[in-house]
Each structure stands twice: as structure tokens, then as C-alpha cells.
Amino acid sequence: MNIKTSCRLLMAGLLPLFFFSLAHAADIKIGVAEALTGPASQYGIPIRNGFELAADEINAQGGIHGVPIQLVVEDERGKKEEAINVYKKLAFRDKVLMIFGPTLSNSMFAAGPIANAAHFVAFGTSNTATGITDMGPYTFRSSPMESDVVPVTLKSAISHLHIRTAGIIYGNDDAFTKSGYDVFRKSLEDQHMVIAGTETYSRGDVDFKPQLTKLMALHPDAIICPCLSEEGANIMLQARSLGMKQPFIGGNGFNSPQLIQNAGKAAEGTIVGSPWFSDNPSPENQHFISAYRKKYGTPPNQFSAQSYDALYIVADALNHIALSGNLNSDRQSLRDALPKTTHIGATGKFAFRPAHGQDKKPAGYDADQLPFVYVIKNGQFVLMK
Ligand code: 1QQ
């Protein structure tokens, strides 16, 4: 075999490899770090599903100017340490353009600093605690904060239930539940409600009867429970077993349908706010609901609506970058394009709002969306009129 022939053979062997890697490199890699196992997976799995549905649709329509989006999905198990590991893997090994997640605010507080130090976007679609976007200018979220939602929820609850006093129970070692408590307390004070008593628990607790017994003795008109769904359902079941009849009022943790599955009748009368309205007749929402049902065989929830919309928000920003001539969008150009991006999706109109930033340090962007208020009736979230 002469040199020419062996070169040709070598090229024939290498050429497909060369094109494969080019095509591969051309994909826009987006990291998804969500809780896919453990108690927080009741939020994380619907979130992942929303991203995957949006990616299918965007890619079927030609991706971003012909370049497909490739999701790189990792399980952060709802744990801080795992969120840090997964963030490092996605950012430095997989070299993704940006990362969605983690699921819980608790984990975003642990992983977010990596994004702000390494200058890539960390985009939460389910983080509602105060201070998430104060971590730095690379932190974004599409989930409205408890401090935007709770005052609206409480106002509706007070006017419908004519309540004057409340007992509070919350977890004192989770960022979302602690922040939910601060926000509820301030909002109760602002709306001239009397706080009859406050009780706390720790993550993983299963017996809440001692705290509930103390609250019961104070005869509050309602129980404020800024809890995650797992503990929230147990608290409701144990409150009813003690004979407590008060309605529960909660935050984003209660927006999982699993709360109703786990608490059953004990959840009846619970009041919660959410930016997503499942019966919203808009074509965007109706399309989302039927496409989700078709792909997964189950109805979507608020968390999947938020992640579905979030990938479209990023796709809109990337399309914008591509239109302005920069097809090889980089981490910084995405960061700079996102704040101006608006979208109409399953959750309605969406826009970002600059976070104020504590101590005037540069901050990220929050969701500018208002909530609907729901009451759980006959095992369903029903809009409060
Ligand atoms: C947070 C939350 C959770 C209830 C959502 C998964 O809002 O941790 O911020």
C-alpha cells in the first residue's frame, strides 16, 4: 500500500469521527440539576419533564437557528453537597452553557456561588426564598418569590375566611421554610393579624404532635405552614388526628399535587398561591397541557409549567443572540441577553425584574409575575374567586 492510499484509508476512517464531533460540539448544551430522587423529587421530576418537553418542541422546530439544544440532566437529590458536585460536573466537565436548578432554595444557596464565581447563568425555576438573586449577577429565577406571593395569598385568605389570629409551624433548617416564615410573619403583621404562637421542626422530623398540641391550646383561626410538601402532609394529618379543624395556609411547597395525595381529606380547605392557572384558556397553556399529557400520560403541574416556560425563555434569548450575528453564543452573551427577554408561555406573561441586591452588591434577576390564589376543595386546587 502506498502512502497516498493509506492516507485515503485513514481519512475515510477518521472523517465520520470528525463530523460527529463537529455536530456534537455544535449542540447547545444546557445543564439541568434537579432533585430526581428523595422527597424533593416530587418537585424535581415534573421540572425535568417540563424541560424535556420544551427541548423536544424547540428542536423539532429547528433548535436555535438550526443548532439543537441538548439537555444534560443530573440528579442533585435535593441535597446541598450533591448540588455542589453536580454543578461542578456540569460546568467544568460537560462545559454546559448554563445550568437550570437546583430544585430547592436550600441547594441553590449552596451551588449558586459557583455560577457567580465562574461566570455562567444559574437559573432556578422553583426557588422562592428571599436572597437567591442577591448571590450575584449570574443568578436568575422564573419562580415568583414568597415575598411577592404570600401577601396576596394572605389577603385573599383573610377576606374569605374572616380570620384574625394564626398559629405558625415551620422548619428552621431549610432556606425555603425559614424564608417563608419571615415573609409570612411580616405579612401577618402588615395585615393586622395576631400571631398566637410559633412552633418549629427540623428536616426529617415525622412527629409534629408536640408542636401541634401547643398551637391547638391557643385556638388560632388558621395554621400558617410554610413547609415542604412531605412534612406539610404529615402535619395536616396529625393536626386532624388531634381534632384541629383550622384551615392551613402555605407557600410554594404546597403547590405539589402530592400534598393532596398524601394528606387526603386533611388538606381540604388549604389555601396557597401560584403563578400558574391550570384552567387558563390561553393557547400557550392549553397546548402545554395537552402536549405534556401526550408525552407523560399524567397532567402537568405548576413546576413543570415553570420549567417548560424557562427553556423557552432561554431559547428566546439565544435566538436573539444568534440574530445579532453571534451564533456561537457564549456564557456571557447569554447572561447579558436574558434580562431583556420576555415571553408568553404556559404561566402567562413573563418578564425579569432586577433584584435590588443587599449592600448594593451586583445582583441577579427575579420573576415579575403575580400569583393566583387557590383553595383545596374535593381533592383539587380550585381558584378562589
Ligand atoms: C424553594 C421552594 C420549594 C418549595 C420548591 C421546590 O419554593 O425551595 O424555594
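## Examining the side chain of Arg141
One can find Arg141 in strand S5 (residues 139-141). Looking at Arg141, its side chain comes within polar contact range of the main-chain oxygen of Ala129, at 2.9 Å. Side-chain polar atoms of Arg141 contact the side chain of Asp366, separated by 2.7 Å.

## Focus: the state of the cysteines
As enumerated under the stated definition, the model contains one disulfide in all. The disulfide partner of Cys225 is Cys227, and the S-S distance across this bridge is 2.3 Å. Given an S-S torsion of about -110°, the disulfide between Cys225 and Cys227 has left-handed geometry. Using a relative accessible area of 0% as the deciding quantity, one classes Cys225 as buried.

## Concerning the pairing of strand S6 (residues 165-171)
Burial analysis of S6 places six of its seven residues in the buried class, which makes it a mostly covered element. Since S6 and strand S7 (residues 194-201) lie parallel, the crossover through helix H6 (residues 175-190) that links them has a hand, and here it is right-handed. Note that S6 and strand S8 (residues 222-225) share three bridges and pair parallel. Bridged to Ala166 within S8 is Ala222.

## Comments concerning the domain arrangement of the chain
Domain annotation of the chain identifies domain 1 (3-144 + 280-370) and domain 2 (147-274). If you average the C-alpha positions of domain 1 and of domain 2, the two centres end up 32 Å apart. Each partner contributes to the interface: domain 1 provides 18 residues, whereas domain 2 provides 20 residues. Summed over both partners, the interface of domain 1 with domain 2 buries about 1600 Å², with 45% contributed by carbon and sulfur atoms. Across the domain 1-domain 2 interface, the total number found is one salt bridge. A salt bridge links Arg353 to Asp148; the nearest nitrogen and oxygen atoms lie 2.9 Å apart. Between domain 1 and domain 2 we count 10 residue pairs in polar contact (both at pLDDT 80 or more) in total. Elements that contribute at least two residues to the side of domain 1 that touches domain 2 include exactly helix H2 (41-60), helix H4 (105-118) and helix H11 (302-323). Looking at the side of domain 1 that touches domain 2, the element that brings in the most residues is H4, giving three residues.

## Describing the side chain of Ser256
Mapping Ser256 onto the fold places it in the loop between strand S9 (248-250) and helix H9 (257-263). The residues touching Ser256, leaving out its near neighbours within four places in the chain, are Gln42, Tyr43, Ser229, Phe303 and Phe381.

About the criteria used
Residues numbered from 1 in each chain as written. Predicted model: local features only at pLDDT ≥ 70, side-chain atom pairs only at ≥ 80, totals over all residues. Heavy atoms only, no water. Helix = DSSP H or I, 4+ residues; strand = E, 2+ residues; numbered from the N terminus. Polar contact = N/O pair within 3.5 Å; in protein donor to acceptor, adjacent residues only side chain to side chain. Disulfide = S-S within 2.5 Å. Buried < 20%, exposed > 50% of the residue type's maximum accessible area, 1.4 Å probe, protein only. Right-handed = clockwise from strand over helix to strand, strands pointing away. Pairing = 2+ DSSP bridges. Domains from an automatic or database assignment. Contact = heavy atoms within 4.5 Å. Buried area = accessible area lost by both parts, 1.4 Å probe. Salt bridge = Lys/Arg side-chain N within 4 Å of Asp/Glu carboxyl O.

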